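Chains, contacts and geometry: an overview
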Amino acid sequence: MSQTHKRILLGISGGIAAYKCAELVRRLKDHHCDVKVVMTESAKQFITPLTMQAVSGEPVADSLLDPAAEAAMGHIELAKWADLVLVAPASSNIIAKMAAGIADDLLTTLLLATPTTVAIAPAMNQQMYAHLATQSNLSTLASRGVAVWGPGQGEQACGDVGKGRMLEPHELVSLTLDALTPEVPLLAGKTVTITAGPTREALDPVRYISNHSSGKMGYALAEAALALGAQVHLISGPVTLTPPQGCEVHAVSSALDMHQMAMKLAPDSDIFIGCAAVADYRAADIAEQKIKKQGDAMTLTLVKNPDIIADVAALKAHRPYTVGFAAETQDVAQYAQGKLKNKGLDMICANDVSQAGIGFNANDNALTLFWDNAQQSLPLASKSELALTVVKAIAGKLN
Ligand code: C5P
């Protein structure tokens, strides 16, 4: 949104802080905002429409039933015109009307008719602000998405000291500008590929070697990356989880399948996270028919699987920022840092799986991140919370 296109509808209700609205409008106009002012009847007792017209450069609207004003810009049109509706000062009376959905004058009607963001700057006597009725009305408005800015603390016009002062014009201007600046998600435009879950290494048509990985951490990472605006590829071994909505799922079974898919997607990814519990070995030969019992003991010949993440990290061209996981039962830091170096990773997330309740299959986890010569401990939290912290930490390392 360009500077010149910020359109603010300022609703002034009755309160002594209304005298600050002239300054508020001037500061908004300094920031190239177009401001139209709507006043309640009682607001006019505190500041004149003429003053507000002079500072805004626009006629002030104050009546729902004024044919001339309606001919210039109808109240529904006015409600749709604004990028943000700011009620400042917002008296306890208008807050109560908003909470109840009352539309008995121009401002309250506009507030029901506007599809845009609404913010209020409460201003009233501290006792009125603290009253349960006001607090309950404010909670109702907040739960409907109304932004409640302030009030501030301090000496009041009536002589009381407490919470109820309208925020200063410069504070309201800065909140207004922030509210109108769309937040760019941390990973917008980035592609993240994540491996998750176990692999299954077939022995014959009915048997396989696998492990207890649930895929929960990898799926939580996918959800976190999506929440931060990334395009997400989830290469998933067999799990029972529902994938987060919006990611592209690539279902695989064996380590070789996972390796093939990872090598296909990694060069087009900005970040690669290897969270899968990949089987280190697979059967040298997969029997075509079900293997029959052969006496008291049998020997399986296994061969090493490719190290997927090490191969991604070794890419010469289009190498993504590569993050591995290390589940350890002892000397966590030492083993994790060894893997960081030997596999050529940018970061490794280590967890101590000897502790009860974390890691494999659990809903919670605690991790230590290692990169370069630094480390960061992330205390016990749900895998979702932890995943968001991990993905934010990774995003911070890009560029
Ligand atoms: O060597 P270790 O299995 O402990 O290393 C764990 C890390 O390496 C994890 O990020 C895991 O996803 C990855 N890995 C892999 N391919 C393998 C073995 C592990 O990508 N064959």
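Use the structure listed above.
Just so we're clear, the structure is a prediction, and the values are computed from it rather than from any experiment.

**Brief notes about the site of the ligand**
- Around the ligand, the structure places Gly274, Cys275, Ala276, Val278, Pro306, Asp307, Ile308, Ile309, Gly324, Phe325, Lys339 and Lys343.
- Within the contact set of the ligand, an oxygen atom lies 2.8 Å away from a backbone nitrogen or oxygen of Phe325.
- Alone, the ligand offers 450 Å² of accessible surface; in the complex the protein occludes 84% of this.
- Counting only elements with at least two residues in the shell around the ligand, the list comes to α12 (308–313) and β16 (321–328).
- Broken down by class, the residue content of the shell around the ligand amounts to 7 nonpolar, 2 polar and 3 charged.

**Quick look at the pairing of strand β2 (residues 33–39)**
- Burial analysis of β2 places 6 of its 7 residues in the buried class, the great majority of the element.
- Sheet topology note: the strand β1 (residues 6–12)/β2 ladder contains 7 bridges and is parallel. Note on β2: the bridge partner recorded for Gly11 is Val38.
- This β-α-β element, β1 to helix α1 (residues 21–30) to β2, shows right-handed connectivity.

**Some words on the packing of α1 against helix α2 (residues 49–56)**
- The geometry of α1 relative to α2 is characterised by a closest axis approach of 9 Å and an angle of 15 degrees between their N-to-C directions. Relative to α2, the element α1 lies roughly parallel. Considering how the two elements wind past one another, α1 and α2 form a crossing that is right-handed. Across from Cys21, Ala22, Val25, Arg26 and Lys29 in α1, the residues of α2 making contact are Thr51, Met52, Val55 and Ser56.
- The residue makeup of the contact of α1 with α2, split by class, is 5 nonpolar, 2 polar and 2 charged.

**Details of the packing of aromatic side chains**
- Within the structure shown, the criterion is met by 0 aromatic pairs.
- The ring of Trp81 carries Lys36 above its face, with NZ or CZ at 5.1 Å from the centroid.
- The aromatic ring of Trp371 is capped on one face by Lys397, whose charged end is 4.2 Å from the ring centroid.

**Quick word on the sheet that holds strand β11 (residues 231–236)**
- Strand order in the open sheet formed by 8 strands is β12-β11-β8-β13-β16-β17-β18-β19, with mixed pairing between adjacent strands. Looking at strand neighbours, the two that pair on one side only are β12 (248–251) and β19 (374–382), the edges of this open sheet. Looking at each pair of strands side by side, their axes are set apart by 20 degrees on average, direction ignored.
- With 6 bridges connecting them, β16 and strand β17 (residues 347–352) associate as parallel partners. Bridge pairing in β17 places Val323 opposite Met347.
- Sheet contacts for helix α10 (residues 216–227): β8 (191–196), β11, β13 (271–274), β16 and β18 (364–371); angle to β11, the most-contacted strand, approximately 170 degrees.
- Running at roughly 165 degrees to β11, helix α11 (residues 255–265) makes contact with β8, β11, β12 and β13 of the sheet.

**What to know about the side chain of Thr322**
- Relative to the assigned elements, Thr322 resides in strand β16.
- Polar contacts involving the side chain of Thr322 include one to the main-chain carbonyl oxygen of Pro320, which spans 2.7 Å.

**Quick look at α10**
- With 12 residues, α10 should cover 16 Å at 1.5 Å per step; its first-to-last C-alpha distance of 16 Å lies within 8% of that length.
- Listed in full, the buried residues belonging to α10 are Met217, Gly218, Tyr219, Ala220, Leu221, Ala222, Ala224 and Ala225.
- Each element contacted by the buried residues of α10 is listed here: β8, β11, β13, β16, β18 and α14 (383–397).
- Downstream of α10 by one or two residues, Gly229 has phi in the positive range, about 95 degrees.

**Details of the sheet that holds strand β5 (residues 147–148)**
- A sheet is described by the order of its strands in space; here 5 strands give the open sequence β2-β1-β3-β4-β5, paired in parallel fashion. The open sheet has two free edges, formed respectively by β2 and β5, since each of these has just one partner strand.
- With respect to the sheet, α1 is in contact with β1, β2 and β3 (84–90), its orientation differing from that of β2 by roughly 155 degrees.

What counts and what doesn't
Residues numbered from 1 in each chain as written. Predicted model: local features only at pLDDT ≥ 70, side-chain atom pairs only at ≥ 80, totals over all residues. Heavy atoms only, no water. Near = heavy atom within 4 Å. Polar contact = N/O pair within 3.5 Å; in protein donor to acceptor, adjacent residues only side chain to side chain. Areas by Shrake-Rupley, 256 points an atom, 1.4 Å probe, with all protein chains shown as cover. Helix = DSSP H or I, 4+ residues; strand = E, 2+ residues; numbered from the N terminus. Nonpolar A, V, L, I, M, F, W, Y, C, P; charged D, E, K, R; others polar. Buried < 20%, exposed > 50% of the residue type's maximum accessible area, 1.4 Å probe, protein only. Pairing = 2+ DSSP bridges. Right-handed = clockwise from strand over helix to strand, strands pointing away. Axes fitted to C-alpha atoms, helices over the stretch in contact; angles between N-to-C directions. Parallel < 35°, antiparallel > 145°, perpendicular 65-115°, else oblique. Left-handed = near helix turned anticlockwise from the far one by under 90°. Contact = heavy atoms within 4.5 Å. Phe/Tyr/Trp six-rings, centres within 6.5 Å; stacked < 30°, edge-to-face > 60°. Lys NZ or Arg CZ within 6 Å of the ring centre and 35° of its normal. Expected span 1.5 Å × (residues − 1).

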